[in-house]
Amino acid sequence: MTPEEVVDRLSSGMTIGIGGWGSRRKPMALVRALLRSSVTDLTVISYGGPDVGLLAAAGRIRRLVTAFVTLDSIPLEPHYRAARQRRAFALTEIDEAMFMWGLHAAANRLPFLPVRAGLGSDVMRVNPELRTVTSPYEDGEEFVAMPALRMDAALVHLNRADRLGNGRYLGPDPYFDDLFCEAADAAYVSCERLVETRELTEGAGALPTLLVQRHSVTGVVETPGGAHFTSCVPDHPRDEPFQKAYAAAAADPVAWADFAARFLPPDGDEKSYREAVRIWHEEQK
């Protein structure tokens, strides 16, 4: 598929999960295609990074479910900060482990899973809809009943994938992308390179990194550099100079309008985005 074909499958009001972690291996090509569409009023589930920031800046989010929204080297995503300060959308902010167990519950089609994380913290105070359950066994221990994080669609980015929907990561961390795919009614995988199935299992240690399996994937998109400006190691590191420029522009409405017009025009595509980034880097020399 193309990024545009993926977005054509999405509609306003959906619950969308976005894989990756902070400013690492985010499916940014799919997010940029989403920005060029009219899809809005979204519930977004994400270990947030610039994916959340861009959608927040464009006013596409109705509710955000997250454990954090960061650019890693920049602790708090600037568009997210501004959106929250003006109360632009509802927020469900939970512990990282609670988020993970919400994905597990959804992937296993359970209504919730018990988890200790969150007990004794303000997570319960700021999320009054959360409930606790008591173990039915002799221990009688109390747990948070973490609701399943079900999604209409999930978007993830991996290093390699085949046409069937099997996907492999080559970096240091899976970032729960497999759970995102399994927790969603439809899942779309963008990848740095499309390969034959046999290449996914070549080399020592290949099988443990074969993260996403075809039964949980709806479509595959080959998008070299599709995680930019986030990292997708070992294919490419995070583009720190560009990320700094992004964050600086986000701090000023006029600067952001110029940035968006140059890199995120509504009539653009991934090819024009990559060319604009290439020219920008040439200008910085």
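Look a little higher up for the structure.
Residues numbered from 1 in each chain as written. Predicted model: local features only at pLDDT ≥ 70, side-chain atom pairs only at ≥ 80, totals over all residues. Heavy atoms only, no water.

A.B. asks: When you look at the overall build of the chain in this model, what are you seeing that I'm missing?
C.D. replies: The helix and strand tally for the chain stands at 10 helices and 12 strands. For 285 residues, the compact-globule estimate of 2.2 N^0.38 gives 19 Å, and the chain sits close to it at 19 Å. In the chain, which comprises 285 residues, the share counted as buried stands at 53%. By sequence separation, contacts in the chain at least 24 residues apart represent 72% of the contacts at least 6 residues apart. With an accessible surface of roughly 13,000 Å², the chain has 52% of that area assigned to carbon and sulfur atoms. Averaging the locations of the 31 positively and 39 negatively charged side chains of the chain gives two centres separated by 2 Å. (Helix = DSSP H or I, 4+ residues; strand = E, 2+ residues; numbered from the N terminus. Rg over C-alpha atoms; globule rule 2.2 N^0.38 Å. Buried < 20%, exposed > 50% of the residue type's maximum accessible area, 1.4 Å probe, protein only. Contact = heavy atoms within 4.5 Å. Areas by Shrake-Rupley, 256 points an atom, 1.4 Å probe, with all protein chains shown as cover. Lys, Arg positive; Asp, Glu negative; His and termini not counted. Charge placed at Lys NZ, Arg CZ, Asp CG, Glu CD.)

A.B. asks: Would you take a moment to explain the sheet that holds strand E6 (residues 131–134) for this structure?
C.D. replies: Sheet strands pair via backbone hydrogen bonds, and the direction of the pair is either parallel or antiparallel. Strand order in the open sheet formed by three strands is E5-E7-E6, with antiparallel pairing between adjacent strands. A single partner strand is all that each edge strand has here, and the edge strands are strand E5 (112–115) and E6. Each adjacent strand pair in this sheet contributes to an overall mean axis angle of 40 degrees, direction not counted. For E5 and strand E7 (residues 142–147), the ladder comprises four bridges, and the chain directions are antiparallel. Paired with Val-115 across the bridge in E7 is Val-144. (Pairing = 2+ DSSP bridges. Axes fitted to C-alpha atoms, helices over the stretch in contact; angles between N-to-C directions.)

A.B. asks: Is there a simple way to explain the packing of aromatic side chains in this structure?
C.D. replies: What characterises a pair of aromatic rings is the spacing of the ring centres plus the angle enclosed by the ring planes. Counted under the stated rule, the structure contains 18 aromatic pairs. Taken together through their ring pairs, the aromatic side chains of Phe-229, Phe-242, Tyr-246, Trp-256, Phe-259, Phe-263, Tyr-273 and Trp-280 make up a single cluster. The side chain of Arg-32 reaches across the aromatic face of Tyr-273, ending 3.7 Å from its centre. (Phe/Tyr/Trp six-rings, centres within 6.5 Å; stacked < 30°, edge-to-face > 60°. Lys NZ or Arg CZ within 6 Å of the ring centre and 35° of its normal.)

A.B. asks: What's the story with the nonpolar core in this structure? I'm lost.
C.D. replies: Core analysis: the biggest nonpolar cluster contains 45 residues, and Ile-16, Val-44, Leu-55, Ile-61, Leu-64, Phe-242 and Phe-263 have the highest contact counts within it. Sorting elements by how many residues they give to this core places helix H2 (residues 28–35) first, with six residues. (Core = buried A, V, L, I, M, F, W, Y, C linked by side-chain atoms within 4.5 Å.)

A.B. asks: Please clarify how the environment of Ile-61 should be interpreted in this entry.
C.D. replies: Here Ile-61 shows up in strand E3 (residues 61–66). Taking relative accessible area as the criterion, Ile-61 reaches 7% and is therefore assigned buried. For the pair Ile-61 and Ala-33, spaced 28 residues apart in sequence, the C-alpha separation works out to 15 Å. Beyond its immediate stretch of four places on either side in the chain, Ile-61 contacts Leu-42, Val-44, Val-52, Leu-55, Ala-56, Ala-88 and Phe-89.

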